[in-house]
Amino acid sequence: MRERIRFLFSVFTMELRRILSYRVDFWIQFLGSIAAQLGVAYFLWRAIFDQRDIERIGEFSFPGLMLYYLLAPLIGRTIRGAEMGSISEEIYEGTLTRYLIYPVSFFRYKFASHLAYTSLFLAQAGAAMLLFGIFFGFPDDFVFSPTSLFVAIVSCVLATYLYFALIASIESVAFWADNVWSLVVIVRFATGLFGGAMIPLSLFPSWAQELLVFMPFAYFISFPVRTVLGLNAPEAWIRGLLVLIGWSCAATLVLGVVWNRGKYRYTGVGI
Amino acid sequence: MIQAQNVSKTFKVHLKAPGLKGSLKALFRRSWQTKQALKEISLSVKAGEIVGLLGANGAGKTTLVKILAGILYPNSGHVRVLDHDPWQRKDEFRRQISLIMGQKQQLWWDLPAADCFLLLREIYRIPPTAYQRDLEYLAETLGVTNLLTTQIRRLSLGERMKMELIAALLHQPRIVFLDEPTIGLDITAQRAIRSFILQYRQTHNPAMILTSHYMEDIRNLCKRIVILRKGEVVYDGLLSHVIDEFATAKIVSARLDPDRITEVASLEISGKRGEVLESTPELFRVKVPKDRAMECSRGILERLPVVDLNIEDEDVGSIIEAIQRAE
């Protein structure tokens, strides 16, 4: 067990070193994506607030909405971790071979490297929150509490695993279809839309909200963000964590089946 | 250490007609072809042996190596490597094998070799002292100590290959699969890698299977070769016996005195079944059927001003090539 943890830690630190060796990309990812997301949200919602001459939309004031739009991509990225495509590329290009030769579990290895991205994005999220607090102050329509922060962290951990298992299952379809890029893009889009990155889920029709509670997407963005901001009640925490655990078990099962069948089809490029 | 019995493997390959029409058609209906990559292959390799696996492109060499390494599973037959079924990929098995693929990078492109090796230390659970000692030894022998901190992607092909070798041997595997380890390398790098492999064999006594298209690799490293043709073993034996068993011709070379030469009646001397390889006032070389070598030599001695005469076997590379092509 100790050796396994040491190995996972090695993969984790190696991946961090790999990411940090490209500093231009690091800073562009950090600043560029926040600026783009926040910029679009600012101009869109400012126009809506001004034209309708309103103080609030749903449960959000304008500064509150901006904080939501800052947190949503940051937490979303933290949970998504490594960029998509890495598993399917390994299968497609035949580099999966090295993981089959090494005495390690491929998915454990990949999850450890996924966590490297996650931790880096988490640090970025913390820094961005701090800067937001210093320059603009936190809007008073949210109630921050240590308990909600703790629940948010637990949900983030579970959601990180769920997202990984979900994406790994989908990318493993590459054993059959070679190229699964569009499948992954669909999941990414669905996560953005039904996860609350584009529009807060509380602004969706109520029937859609009730349905989305049982889908996995909300737990990748909306649920942890709302929990941090103190917008989720304790009953929602419990239900949310249970749904997350359920989906995680299902995704693990699916991943196991897909992998066990898919590996029979692997050729490692060329015959 | 390696036992394969009646191993067969087929692949289902998608066929697509050329051109846009073919691509559009394939969107709706695909045609498939079953390709038999290996047919009833049997093979065994002992500790300390380096077996050269030869064959033309598509003969099944890499497929066989992948099956023995546990990457592919065979459709039929039995494989035992170090008393394990490779396909089960038990960690205990994988800790004792190594696969080097000349055409496929296994190290992490964005990292310096030293970082990759550190990760491999954890993967193979190599004790720190043994790791340090072996890394120093391997890096020094291959002459890459000063390159360990350079990003893999910034190394030359030869340097990268040397790093791949270090990565593959750090855990001192008992079985080493070398799939075209010298492909694309210059002569100096090829030589360095060959002598390193021999040195490693001497010190660690592993079983090795080598595939290569370079005859120099085979000549220098392998006593025994296995020749595959269209997925079947057509020869399994000593390299030195290939000539006895398969050579159909001899090369007769005569060094001539250019001052005394009048005319080289090459065709007449070599006969209808011979092939003149070189015909100058200084040298006459002819390839003749084995049983006609003496007769041809006599003809040359009688008709030409010979200074020196030599009868030699065909180049082993050409013989192997002919076997691969089923000639």
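Residues numbered from 1 in each chain as written. Chains lettered and ligands numbered in written order. Predicted model: local features only at pLDDT ≥ 70, side-chain atom pairs only at ≥ 80, totals over all residues.

### Some words on the environment of R80 of chain A
Stage number 1. Turning to its location among the elements, R80 of chain A is positioned in helix α3 (residues 62–80).
Stage number 2. With 141 residues separating them along the chain, R80 of chain A and I221 of chain A place their C-alpha atoms 9.6 Å apart. (Helix = DSSP H or I, 4+ residues; strand = E, 2+ residues; numbered from the N terminus.)

### Concerning the sheet that holds strand β5 (residues 97–101) of chain B
Residues and elements named next belong to chain B.
Stage number 1. The strand order across the open sheet built from six strands is β5-β6-β7-β3-β8-β9, with neighbouring strands paired in mixed fashion. Of all the strands in the sheet, the pair left with one neighbour each is β5 and β9 (232–238). Each adjacent strand pair in this sheet contributes to an overall mean axis angle of 15°, direction not counted.
Stage number 2. As judged from the five bridges shared by strand β3 (residues 50–55) and strand β8 (residues 224–229), these two strands associate in the parallel manner. The residue bridging G55 from the neighbouring strand is L228, located in β8.
Stage number 3. The sheet contacts of helix α6 (residues 157–169) involve β5 and β6 (175–179), and relative to β5 the element is tilted by about 165°. (Pairing = 2+ DSSP bridges. Axes fitted to C-alpha atoms, helices over the stretch in contact; angles between N-to-C directions. Contact = placed C-beta atoms within 7 Å.)

### Here we look at the sheet that holds strand β4 (residues 76–81) of chain B
All names here are of chain B.
Stage number 1. Taken in spatial order, the three strands of this open sheet run β2-β1-β4, and their pairing is antiparallel. This sheet does not close on itself; its edge strands, each paired only once, are β2 (31–45) and β4. Each strand of the sheet is rotated relative to its neighbour by a mean of 35°, with strand direction disregarded.
Stage number 2. In terms of strand pairing, strand β1 (residues 2–15) meets β2 through 11 bridges, oriented antiparallel. Note on β2: the bridge partner recorded for V13 is Q33.
Stage number 3. Across the sheet, helix α2 (residues 61–69) is in contact with β1, β2 and β4; its angle to β1 comes to roughly 120°.

### Some thoughts on the confidence of the model for chain B
Stage number 1. Per-residue pLDDT for chain B has a mean of 85; in total, 95% of the residues score no lower than 70.
Stage number 2. This prediction of the complex comes with two scores: 0.80 for pTM and 0.77 for ipTM. (pLDDT = per-residue confidence, 0-100.)

### So, the nonpolar core
Stage number 1. Counting residues in hydrophobic clusters, the biggest one holds 142 residues, and the most contacted among them are L162 of chain A together with L68, C116, I166, F177 and I209 of chain B.
Stage number 2. No other element matches helix α7 (residues 146–171) of chain A, which puts 14 residues into this core.
Stage number 3. For F177 of chain B, the contacting residues outside a window of four places in its chain are V65, L68, A69, S98, L99, I100 and I209 of chain B.
Stage number 4. The next biggest cluster of nonpolar side chains, apart from the first, holds 10 residues, and it includes A249, V286, I300 and L304 of chain B. (Core = buried A, V, L, I, M, F, W, Y, C linked by C-beta atoms within 7 Å. Buried ≥ 20, exposed ≤ 12 C-beta atoms within 10 Å, placed from the backbone.)

### Points about helix α11 (residues 293–303) of chain B
Side chains that are three or four residues apart share a direction in an α-helix, a result of its 3.6 residues per turn.
All names here are of chain B.
Stage number 1. All of the buried residues along α11 are C296, S297, G299 and I300. On an axial view of α11, the arc spanned by its buried residues comes to 160°, and they lie on one face. Along α11, exposed side chains directed more than 90 degrees from the buried face belong to R298, L301 and E302. (Arc of directions from axis to C-beta.)

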